[in-house]
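# Breakdown of the fold
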Amino acid sequence: MYVLSGVWQEFGWGSIIYLAALANVNPELHEAAVIDGASRFQRVIHVDFPSIIPTITILLILRMGSVMSIGFEKVFLMQNSLNLPISEVISTYVYKIGLTGTSDFSYSTAVGLFNSVINMVLIGLVNMISSRLGETSLW
């Protein structure tokens, strides 16, 4: 249920971004491919896909920053006493340790900081790999 709701939530925004990237493709490239005898599938593979690779790369780098942050609201609202031990993620754990129960602020801050540092390291690593493999990177 969580995965399906996440796909549905991100589908609209992703389609807007990719449609905007596809609208930026030069129509003369498609005309040249048609003259050369390319089918519709070949035009997608050889014209459309290479032109949106920079957009795909930037979105991949930005998504890597949220790999460890699964999202607090949906997980917290779907938790109950039956699935609590299985459905615990870092953000709900930080909430429960820091604001409920023992109110251990320093420990919950350290866990949240660790999560942020890991996300930043992942962004830097994926950015370094993308800049070495291609010409697209964030910095």
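Refer to the structure presented above.
Predicted model, so just to flag it, every value in this text is computed and none were measured. Position labels on residues start from 1 in each chain and follow its written sequence. Predicted model: local features are reported for residues with pLDDT of at least 70 only, side-chain atom pairs are reported and counted for 80 or more only, and whole-chain, interface and lining totals are derived from all residues. Side-chain numbers come from the whole structure's heavy atoms, not from hydrogens or water.

### Brief notes about the packing of helix α2 (residues 27–35) against helix α3 (residues 40–64)
To keep it simple, the criterion reads: Axis definition: a line fitted to C-alpha atoms, over the contacting stretch in the case of helices. Angles run 0 to 180 degrees between N-to-C directions. Where helices and strands are cited, they refer to DSSP runs of H or I of at least four residues and of E of at least two residues respectively, numbered from the N terminus. Left-handed is the label given to a crossing in which the near helix is rotated counterclockwise from the far helix by less than a right angle, and right-handed is the label when the rotation is clockwise. By definition, residues are in contact when any of their heavy atoms lie within 4.5 Å. Classification used: nonpolar for Ala, Val, Leu, Ile, Met, Phe, Trp, Tyr, Cys and Pro, charged for Asp, Glu, Lys and Arg, polar for all others including Gly.
Two elements in contact, α2 and α3, have axes separated by 10 Å at closest approach and are oriented at 145°. As α2 packs across α3, the resulting crossing turns out to be right-handed. Contacts between α2 and α3 involve L29, H30, A33 and V34 on the former and, on the latter, R43, V47 and D48. Tallied by class, the residues present in the contact of α2 with α3 amount to four nonpolar, one polar and two charged.

### Observations concerning a nonpolar patch on the surface
The line we're drawing: Patches here are clusters of residues that have more than 30% relative accessible area and form no salt bridge, with a 9 Å joining cutoff for like charges and a 5 Å cutoff for nonpolar side chains (Val, Leu, Ile, Met, Phe, Trp, Tyr). Computed with a 1.4 Å probe, the accessible areas rest on the Shrake-Rupley method; for each residue, only the protein chains presented here act as cover. Criterion for a salt bridge: a side-chain nitrogen of Lys or Arg within 4 Å of a carboxyl oxygen of Asp or Glu.
A contiguous nonpolar patch, built from L62, M120, L138 and W139 and spanning about 450 Å² of accessible area, is present on the exposed surface. Turning to its location among the elements, L62 is positioned in helix α3.

### Let's talk about helix α7 (residues 105–133)
Stated formally: Multiplying 1.5 Å by the residue count of a helix minus one yields the expected span of that helix. Only protein chains enter the area calculation, which uses a 1.4 Å probe; residues under 20% of their type maximum are buried, those over 50% are exposed, and those in between are partly exposed.
Compared with the 42 Å implied by 1.5 Å per residue over 29 residues, the 42 Å span of α7 between its first and last C-alpha is a close match. Of all the positions in α7, only S108, V111, N115, N119, I123, V126, N127 and S130 are classed as buried. On its buried face, α7 is in contact with α3 and α6 (90–99).

### Section: the environment of M128
Here M128 lies in helix α7. Separated by 11 residues in sequence, M128 and W139 place their C-alpha atoms 8.9 Å apart.

### As for the packing of α3 against α7
Just so we agree on the cut-off: Roughly parallel means an angle under 35 degrees; roughly antiparallel, over 145; roughly perpendicular, 65 to 115; everything else is oblique.
At a minimum axis distance of 8 Å, the contact between α3 and α7 shows a crossing angle of 160°. Looking at the two axes, α3 sits roughly antiparallel to α7. Read as a crossing pair, α3 and α7 show a hand that is right-handed. Only N119, L122, I123, V126, N127 and S130 of α7 make contact with α3, whose side of the interface consists of T57, L60, I61 and M64. Of the residues that constitute the contact of α3 with α7, the class distribution is six nonpolar, four polar and no charged.

### Digging into the packing of aromatic side chains
Defined as follows: Two rings from Phe, Tyr or Trp (for Trp, the six-membered ring) form a pair when their centres sit within 6.5 Å of each other. Planes less than 30 degrees apart are called stacked, planes more than 60 degrees apart edge-to-face, and all others tilted.
All told, the structure shown has four aromatic pairs when counted by the stated rule. Judged by centre distance (5.1 Å) and plane angle (15°), the ring pair of F72 and F76 falls under stacked. Note that F72 and F76 are positioned in helix α4 (residues 72–78) at a spacing of four residues, about one turn of the helix. Its relative accessible area of 26% is what places F72 among the partly exposed residues. Aromatic side chains F72 and Y95 sit 5.3 Å apart centroid to centroid with 65° between the ring planes, which places their arrangement in the edge-to-face category. One end of the pair, F72, is in helix α4; the other, Y95, is in helix α6, with 23 residues separating them in the sequence. Accessibility expressed as a relative area gives 29% for Y95, which makes it partly exposed.

### Digging into the pattern of salt bridges
Applying the stated criterion to the full structure yields two salt bridges. Between E10 and R63 there is a salt bridge whose closest N-O contact spans 3.2 Å. Taken together, the residues E10 in helix α1 (residues 2–23) and R63 in helix α3 connect sequence positions 53 residues apart. The exposure class assigned to R63 is partly exposed, which follows from its relative accessible area of 42%. With a closest N to O distance of 3.4 Å, E88 and K96 form a salt bridge.

Honestly, it's all geometry; don't read function into it.
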